[in-house]
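# A structural walkthrough
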Number of protein chains: 2
Amino acid sequence: MASSILRRSLLSQSQGFGTWFSPIKLSWKKTTFRACAASSELNHPIRSEASLSVGTHLIPHPNKVEKGGEDAFFVSSCGGVIIGVADGVSGWAEKNVDPALFSRELLYNAASLVRDEEVNYDPRMLLRKAHAATTSVGSATVILAMLDGNGILKIATVGDCGLRVVRKGQIVFSTFPQEHYFDCPYQLSSEPVGQTYLDAVVCSVELIEGDTIVMGSDGLFDNVFDHEIVSTMNSHSDDVAEAAKALASLAMDHAVDSKFDSPYSLEAKTRGFDVPLWRKVLGMKLTGGKLDDITVVVGRVISSQNGVLDEVQ
Amino acid sequence: MASSILRRSLLSQSQGFGTWFSPIKLSWKKTTFRACAASSELNHPIRSEASLSVGTHLIPHPNKVEKGGEDAFFVSSCGGVIIGVADGVSGWAEKNVDPALFSRELLYNAASLVRDEEVNYDPRMLLRKAHAATTSVGSATVILAMLDGNGILKIATVGDCGLRVVRKGQIVFSTFPQEHYFDCPYQLSSEPVGQTYLDAVVCSVELIEGDTIVMGSDGLFDNVFDHEIVSTMNSHSDDVAEAAKALASLAMDHAVDSKFDSPYSLEAKTRGFDVPLWRKVLGMKLTGGKLDDITVVVGRVISSQNGVLDEVQ
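Criteria and cut-off values
Residues numbered from 1 in each chain as written. Chains lettered and ligands numbered in written order. Predicted model: local features only at pLDDT ≥ 70, side-chain atom pairs only at ≥ 80, totals over all residues. Heavy atoms only, no water. Helix = DSSP H or I, 4+ residues; strand = E, 2+ residues; numbered from the N terminus. Buried < 20%, exposed > 50% of the residue type's maximum accessible area, 1.4 Å probe, protein only. Contact = heavy atoms within 4.5 Å. Areas by Shrake-Rupley, 256 points an atom, 1.4 Å probe, with all protein chains shown as cover. Salt bridge = Lys/Arg side-chain N within 4 Å of Asp/Glu carboxyl O. Polar contact = N/O pair within 3.5 Å; in protein donor to acceptor, adjacent residues only side chain to side chain. Pairing = 2+ DSSP bridges. Patch = residues over 30% accessible without salt bridge, like charges linked within 9 Å, V, L, I, M, F, W, Y side chains within 5 Å. Axes fitted to C-alpha atoms, helices over the stretch in contact; angles between N-to-C directions. Left-handed = near helix turned anticlockwise from the far one by under 90°. Nonpolar A, V, L, I, M, F, W, Y, C, P; charged D, E, K, R; others polar. Least-squares fit on C-alpha atoms with pLDDT ≥ 70 in both. Disulfide = S-S within 2.5 Å. Phe/Tyr/Trp six-rings, centres within 6.5 Å; stacked < 30°, edge-to-face > 60°. pLDDT = per-residue confidence, 0-100. 1 Å grid on protein atoms, 1.4 Å probe; cavity = no way out; pocket = protein on both sides within 12 Å on 5 of 7 lines; lining within 4 Å. Points joined across faces, edges and corners; volume = space filled by probe spheres on them. Expected span 1.5 Å × (residues − 1).

## Observations regarding the overall build of chain A
Looking only at helices and strands, chain A features seven helices and 15 strands. Burial status across chain A gives 58% buried among its 313 residues. Contacts in chain A between residues far apart in sequence, at least 24 positions, make up 76% of those at least 6 positions apart. For chain A, the computed accessible surface area is about 12,400 Å², with 52% contributed by carbon and sulfur atoms.

Take a look at the structure:
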């Protein structure tokens, strides 16, 4: 099999789509996780125990509903609270490889390895070991976020899955996508030409009670602006499952709207893409969302009183 | 004195400025700093010793050249490599208070306290102690960044000073501004109504050899787009002092250009600001840069062989 960095999709200069199918919506009930640490040595204001209430929602691409799309995610409370999102690179389908296999196996391995003694609360090491254990052919963008008992969220990302932290009605922290060129993100791969754990951007942010973490595949961030993320979180401040569902639905509404000036189409224009001249003459412009699998994970930081590592459903 | 959160400046719907004075350009020669740590316990790819080559450039607001503007910065190699940038909030001038006093004293105190045993490589604690030691009246936005020997850059920020990390020709990490409303950033203050160290966003990023850190006051980021930061760094990959100077000069060129669609004017438009209707009829639009003090610090991560804490000029 030829080794290549596969573009996520064929870039089309016309973003209009006439029909879409009712998708299967995968939703996961709100779950609260706790991670704890002794606080006597702390001299900063973060509470001694960080809890996270998590809601998730996944809407497959309209053409991929039957197989559930090519995104994958997990949320685990083993060894701290860990969230992972991965997005299989669609270009593999042109080579008769199911793009969902790699992303799903990668995250299955990540979830299985969180308590491995070499991982030791290091998301880069977890990526390394999960990738090494993955045997499926394909490639994926991926983001892992680990929350410790001190309220520190440590993140490793390869590609264009993303994470935002919303605090008091504004975004205070955001990851940045990595790419080779437009629509061709960095990606972990079964092939040597892809990226490795060494290429991951590893960063962290100290969270406080009330913070909201929003993680997702590029299907979210290509279709929803940051200010829309903030207003959606503000409108659903009591229910993370509803918040995740609302965001995913908004992303899909924009994705199928050929007139919407999406983050994706705006970025395409800044990169020099445009409609052909004859379409311009007819008054057409490069607009529209980007049809894709959409995965959204919303986590709200909650303070709690006791010191027991616990999963509450 | 009445307590208030002061807006940085009066927002004008016309961004055109007819004249500006030749500024004093403050430039600091390239200096290389090293911070070291034993590597035997490390199981990740970051080298055992992180060096930083730093260049700086400050251009005061054209109306504030004689006093050197109201920004302040420092770079220190005591207790690791530490960089600070602060921007005095201009609104204090309306109350006959020199906005430069608070920002300069705040950073002077920060530079003096880096080795304090309670600081212990915690930029939030350093902000806390520096703020507590500051007696001048006024307020400022501020960002502190500390690089340890493992290549981890830990950052605390209050307000709209900023930091980018450029890696292999793209931005891989960025801070986010915090504000009360447009043009009124979070600010440490002599008055109780301002923010404190508790409001700081504290985050970190693992750096690798070849990374470029770009820090600055909002005078930089209001006038220069991220892609311009990247291209300027690419054009000056051998000399951090020239890189800082080029960026600051570009920011001032844009700041005085009433026709330039700056990040500032674009953001103003998304917030609903616009020229009056009669100007629209005449074909005028809300454009232009933002005249301000401009501080730029550029740091390039260099690997080195020995393990001695050293300052090289």
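## Some remarks on the interface of chain B and chain A
On the chain A side, the residues contacting the 33 residues of chain B number 33 residues. Applying the counting rule to chain B against chain A returns four salt bridges. Between Arg124 of chain B and Glu206 of chain A there is a salt bridge, with its nearest N and O atoms 3.1 Å apart. Linking chain B to chain A there are seven residue pairs in polar contact (both at pLDDT 80 or more). Secondary structure elements with two or more residues in the side of chain B that touches chain A: helix 2 (123–133), strand 8 (170–175) and strand 12 (201–206) of chain B. At six residues, strand 12 of chain B tops the list of elements feeding residues into the side of chain B that touches chain A. One ladder, built from three bridges, connects strand 8 (residues 170–175) of chain A with strand 8 of chain B; its direction is antiparallel.

## Description of helix 6 (residues 263–270) of chain B
Residue and element names in this part refer to chain B. Buried residues of helix 6: Pro263, Tyr264, Ser265 and Ala268, and no others. On the buried face of helix 6, the contacting elements are helix 3 (218–221). In the stretch just after helix 6, Gly272 is the one whose phi turns positive, near 100°.

## Some points on the side chain of Ser103 of chain B
All names here are of chain B. Along the chain, Ser103 turns up in helix 1 (residues 99–113). Taking relative accessible area as the criterion, Ser103 reaches 0% and is therefore assigned buried. A distance of 3.1 Å separates a polar atom in the side chain of Ser103 from the backbone oxygen of Ala100. In this structure Ser103 touches Glu70, Ala72, Ala86, Asp87, Gly88 and Ala140, once residues within four positions along its chain are discounted.

## What to know about a nonpolar patch on the surface
A cluster of nonpolar side chains, contributed by Trp278, Leu282 and Met284 of chain A, occupies part of the molecular surface with about 350 Å² of accessible area. The topology assignment puts Leu282 of chain A in the loop between helix 7 (277–281) and strand 14 (294–303).

## Comments concerning the packing of helix 4 (residues 226–235) of chain A against helix 5 (residues 240–255) of chain A
Residues and elements named next belong to chain A. Interhelical geometry of helix 4 versus helix 5 gives an angle of 145° and a closest axis separation of 9 Å. The hand of the helix 4/helix 5 crossing is right-handed. Here Glu228, Ile229, Thr232 and Met233 of helix 4 come into contact with helix 5, specifically with Ala243, Ala246, Leu247, Leu250 and His254. When the residues that make up the contact of helix 4 with helix 5 are grouped by side-chain class, the tally is six nonpolar, two polar and one charged.

## Considering the relation of the copies chain B and chain A
The operation relating chain B to chain A is a screw motion whose rotation component is 180°, with 0.0 Å of axial translation and a residual RMSD of 0.0 Å. Look at the turn and shift together and you get a two-fold axis relating the two. Of the C-alpha atoms belonging to chain B, the one lying closest to the rotation axis is found on Ser204 of chain B, 2.5 Å away. The share of interface residues of chain B whose copies in chain A are also at the interface is 100%, consistent with both copies meeting through the same surface.

## Concerning the state of the cysteines
Applying the stated rule across the entire model yields zero disulfides over all chains. In this structure Cys203 of chain B is a free cysteine whose sulfur lies 8.0 Å from that of Cys203 of chain A, the closest cysteine sulfur available. By relative accessible area, which is 3% here, Cys203 of chain B ends up buried.

## What about the packing of aromatic side chains?
One pass over the structure, following the stated rule, counts seven aromatic pairs over all chains. Judged by centre distance (5.3 Å) and plane angle (40°), the ring pair of Phe182 of chain B and Phe273 of chain B falls under tilted. Pair noted here: Phe182 of chain B is in the loop between strand 9 (179–181) and strand 10 (184–185) and Phe273 of chain B is in the loop between helix 6 and helix 7 (277–281), with a separation of 91 residues, a long-range link. Aromatic ring contacts, followed pair by pair, group Phe182, Tyr264 and Phe273 of chain A into a single cluster.

## Some details on the confidence of the model for chain A
Residues and elements named next belong to chain A. Residues with a pLDDT of 70 or more make up 81% of chain A, whose mean pLDDT is 82. Between residues 9–30, whose pLDDT stays under 50, and residues either more than four places distant or in other chains, the model counts 53 contacts. Taken as a whole, residues 305–313 scores under 50 in pLDDT and shows 23 contacts with residues more than four places along the chain or in a different chain. For this predicted complex, the interface score ipTM comes out at 0.83, while the overall pTM is 0.84.

## Side note on the environment of Ser112 of chain B
Residue and element names in this part refer to chain B. Tracing the backbone shows Ser112 in helix 1. We classify Ser112 as partly exposed; its relative accessible area is 46%. Separated by 36 residues in the primary sequence, Ser112 and Ser76 place their C-alpha atoms 9.6 Å from one another. A distance of 2.8 Å separates a polar atom in the side chain of Ser112 from the backbone oxygen of Tyr108.

## With respect to empty space enclosed by the protein
Enumeration over the complete set of coordinates arrives at two cavities of 30 Å³ or more. By volume, the largest cavity is sized at about 60 Å³. Lining the largest cavity are Gln178, Tyr186, Leu198 and Asp199 of chain A together with Arg167, Lys168, Gln170, Val172 and Ile208 of chain B. Its residues placed into classes, the lining of the largest cavity shows four nonpolar, two polar and three charged.

## Side note on the pattern of salt bridges
Should the charged atoms of two oppositely charged side chains come close, the side chains can pair. Enumeration over the complete set of coordinates arrives at 32 salt bridges over all chains. Lys67 of chain B is the salt-bridge partner of Glu70 of chain B, the closest N and O atoms lying 3.2 Å from each other. Look at Glu70 of chain B and you get buried, because its relative accessible area is 3%. Several salt bridges converge on common partners, so that one network encompasses Asp183, Asp218, Asp222, Lys290 and Asp292 of chain A.

## Details of helix 1 (residues 99–113) of chain A
All names here are of chain A. Between its first and last C-alpha atoms helix 1 spans 22 Å; for 15 residues at 1.5 Å apiece the expected length is 21 Å, and the two agree. Turning to helix 1, its buried residues are Pro99, Ala100, Phe102, Ser103, Glu105, Leu106, Leu107, Asn109, Ala110 and Leu113. Where helix 1 is buried, its residues touch strand 3 (71–76), strand 4 (81–88), helix 2 (123–133), strand 5 (139–147) and strand 11 (188–189). Taking the backbone nitrogen of Ala100 as reference, a side-chain oxygen 2.9 Å away marks Asp98 as the first, capping residue of helix 1.

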